[in-house]
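Spelled out from the first residue to the last, the chains are:
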Amino acid sequence: MSWFLSWISGAILYAAPILFPTLGEVVEQRAGMVNLGLEGLMLLGASLGFAVSFGTKNPWLGVLAAAGAGLLANLIYAWLVVHRRAHQLAAGLALMFFGIGMSALIGKPYVRQMAPVFPKYALMGPQSLLFRYDLLVYVAFLLAPLFWFLLFRTRFGLRLRAVGENPAIAYAAGVSPSLIRYIAAALAGTLAAVGGAHLSLGITGTWSEGMTAGRGFIAIALVIFSRWNPLRAIAGALIFGGAVVLQLQLQARGIGVSPFFLDMLPYVLTVLVLLVWGRGVRHVAPASLGRVYFGTE
Amino acid sequence: MLSSWRARLGWSAVRLLLTVVVVLGVFGLFLWGLGRDPIKAYQDTFRLNILNSRGLAGVLARMAPLLLTALGVAIPFRAGLINVGAEGQFMMGALLGTWAALNLEGLPMGLHLALVLLAGMVGGALWAAVPGVLRARGWVNETITTLLLNYLAPLVVGYFVFGPWRAPELAFYPQTPEYPASARLPLLFGTRLHLGFFLGLFFLLAYAYLINCSRWGLELRTVGGNAEAARRLGLPVERWILAAMMLGGALAGLAGVAEVAAIHTRLKLDISPGYGFMGFLVNWLAFANPLGILIMAFLIAFIASSGFTLQITQRLPYAAVNVLMALILFIVLAKPLAQRGKR
């Protein structure tokens, strides 16, 4: 029973850093943009957040710096896609290369260092070792319903989804598809980088090259699983978090399975999740997803 | 007709040159911002990788995997598929090739090597078949699955390299025993240049011929151009999708096994500095055009070699080269799509 509780407790912790980018990608894809650059944005956030936290001894400044950098970096993507009408997948992969390279440069002096991490707040009384999380975990899980409200219950959300479905009609109705897409990209970039920073400052407390290990791509898979719904994204993030923690627990117990096979668990699970829940989602997906909008010319 | 073709080629050359100048300028500013001397960095990379014959051979040696991984992306690309999984296919090719190298010892010289290379192709093809089947059936988009499989492949390789295949004499460094002599790709002229380079050229020519001049190429391009039209024409669209993925995977796998059989001579985890992703970049810059692939493979091979030069002379981490690649992609993507039409 205690094993089960610590599993749930850990799953919630590990769900947070992937929930941030997943929510961002939901918003971005609802506006009609697929961004494969999440992995790069997360790495950028993880390294810069760590570096700033190390330098200033304040993890919150680290998160702030990461958020700003993620926002700016994703504006490059938005500019390419919206303004220069670049192919979305290629632009996203370019952003991935950028993030991998920049994060290695930023993080190089900080390998094998420890940075101040977030204080933790217990959910079940101060004595309990379980269910103690830093503020960002609570923020992540609060953001999901907030984004659901934003997307489905506000005028802005309606406009954003309209742009994702059919930018030409949205434009005819007086909405600027470019502006909406820039805003969505800014949100997504910020969230992805914060997710990365949470990984290095909330969970590991260290930086290592490529430490996000494909979480940016798993987040994209979770968006498909969530059917572009922020509330379902919570479930996706918990499944992923649960897989990661299960793998860690099994390794700690030293069962006779190679750690390499255990490491595969989250990826295999993600592919299976896509296979089971990712089929026939085309009618749910935003209709203009991945398409270049050429304006009214 | 001919003159317009020449004019277009000339125009492309001008664009390429302009792109190179802009990229060098921006990356130079970037180096300068990091407190390095960009002029000296460029001089060093040029002197050590182009003017020096061993260095140039090293660049050509890097072209070998890049040509093959770029083709591994280009063939699915022509069928309308985005294969971002060449990195994983590269690793799996190296894995299965290593199995053949270590377990089929004793066969005649040429036969053993041929089987090793073939095993590498099978490894890459099987790894690519997973996203291929999922896509052909219309279940899961191939972009995301190929990306995810990139993270699985090194774990599979890691299992064998750290576990059953680990060479006992090098306990501190996980790697397999050396390939026997009969499984090695010969190095040429005492440099790093190896037979894999000519394999790459051979497959590039084969690709150029088959894609443009054969019925297979026409069918493949029809599937890529308009799958619905292809289906109405009675083409086996699902089979073509799977075939394109597996062919691409086979070439990326060949790149992996050739790299190990020529350069590393043992399987270990760090056999690829991102050749699969670089191949994707090469194909994207070339837009699956054979001549373009040749030129861009050289360019990216030069950049990859320069990354190692900068690592040594400027004490930059190798990953800095990813920033340079990103800059190139950013600048190419930012160019208006006039030539590419409305895709």
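Calculation criteria
- Residues numbered from 1 in each chain as written.
- Chains lettered and ligands numbered in written order.
- Predicted model: local features only at pLDDT ≥ 70, side-chain atom pairs only at ≥ 80, totals over all residues.
- Helix = DSSP H or I, 4+ residues; strand = E, 2+ residues; numbered from the N terminus.
- Rg over C-alpha atoms; globule rule 2.2 N^0.38 Å.
- Contact = placed C-beta atoms within 7 Å.
- Nonpolar A, V, L, I, M, F, W, Y, C, P; charged D, E, K, R; others polar.
- Buried ≥ 20, exposed ≤ 12 C-beta atoms within 10 Å, placed from the backbone.
- Expected span 1.5 Å × (residues − 1).
- Bend = angle between axes of the 7 residues up to and from the residue.
- Axes fitted to C-alpha atoms, helices over the stretch in contact; angles between N-to-C directions.
- Left-handed = near helix turned anticlockwise from the far one by under 90°.
- pLDDT = per-residue confidence, 0-100.

Caption draft 1: Broad picture of the overall build of chain A. Secondary structure assignment for chain A yields eleven helices and two strands. Secondary structure of chain A in N-to-C order comes out as α-α-α-α-β-β-α-α-α-α-α-α-α. Rg of the C-alpha trace for chain A: 19 Å, near the compact-globule value of 19 Å for 297 residues, within the 12% margin. Each principal axis of the C-alpha atoms in chain A carries an extent, and together these give about 60 × 40 × 35 Å.

Caption draft 2: The overall build of chain B, seen in detail. Tallying secondary structure elements over chain B gives 13 helices and zero strands in all. Walking chain B from its N terminus toward its C terminus, one meets helices and strands in the order α-α-α-α-α-α-α-α-α-α-α-α-α. At 20 Å, chain B has a C-alpha radius of gyration in line with the 20 Å of a compact globule built from 343 residues. Overall, chain B is about 60 × 60 × 35 Å in size when its C-alpha atoms are taken along their principal axes.

Caption draft 3: Structural detail: the interface of chain B and chain A. Opposite the 33 residues of chain B that make contact, chain A presents 38 residues. In the side of chain B that touches chain A, the residues fall into 26 nonpolar, five polar and two charged.

Caption draft 4: Main features of unusual backbone geometry. One non-glycine residue, A:K57, lies in positive phi territory at about 60 degrees. Summarising the element assignment, A:K57 is placed in the loop between α2 (38–56) and α3 (59–83). The phi dihedral of B:T265 falls on the positive side, at around 60 degrees, and the residue is not glycine. Mapped onto the fold, B:T265 is located in the loop between α10 (237–264) and α11 (275–286). On the basis of neighbour count, B:T265 is assigned to the partly exposed category, with 18 C-beta atoms found within 10 Å.

Caption draft 5: Here's a closer look at helix α5 (residues 135–153) of chain A. If you check α5(A), its first and last C-alpha atoms are 26 Å apart, about what 19 residues at 1.5 Å a residue would give, namely 27 Å. Largest kink in α5(A): about 25 degrees, centred on A:L143, with the proline A:P145 one to four residues after it.

Caption draft 6: Looking closely at the environment of B:P168. Take B:P168: it is sitting in the loop between α6 (142–162) and α7 (195–213). B:P168 sits 158 residues away from B:A326 along the chain, and the two C-alpha atoms are 41 Å apart.

Caption draft 7: Representation of the packing of helix α5 (residues 109–136) of chain B against α10(B). Packing of α5(B) against α10(B) leaves a shortest axis separation of 6 Å and a crossing angle of 145 degrees. Note that α5(B) runs across α10(B); the crossing there is right-handed.

Caption draft 8: Structural context of the environment of A:P145. Residue and element names in this part refer to chain A. Mapped onto the elements, P145 comes out in helix α5. For P145, a count of 12 C-beta atoms within 10 Å translates into the label exposed. Separated by 87 residues in sequence, P145 and R232 place their C-alpha atoms 9.9 Å apart.

Caption draft 9: Representation of the confidence of the model for chain B in the model. Residue and element names in this part refer to chain B. The predicted model of chain B has a mean per-residue pLDDT of 86, with 95% of residues at 70 or higher. Mean pLDDT values over the elements of chain B span from 77, in helix α1 (residues 2–33), up to 95, in helix α4 (residues 86–103). Under a pLDDT of 50 for its full length, residues 338–343 has, in the predicted model, two contacts with residues more than four places off or in other chains. As a predicted assembly, this complex carries a pTM of 0.89 together with an ipTM value of 0.86.

Caption draft 10: Layout of helix α10 (residues 230–253) of chain A. Residues and elements named next belong to chain A. The terminal C-alpha atoms of α10 lie 35 Å apart, and with 24 residues this matches the ideal 34 Å at 1.5 Å per residue to within 8%. Residues of α10 that are buried: P230, A233, I234, G236, A237, F240, G241, G242, A243, V244 and V245. Summarising the contacts, the buried residues of α10 are in contact with α1 (2–30), α5, α9 (215–225) and α11 (259–277). Among the residues trailing α10, G254 stands out with phi positive, at a value near 65 degrees.

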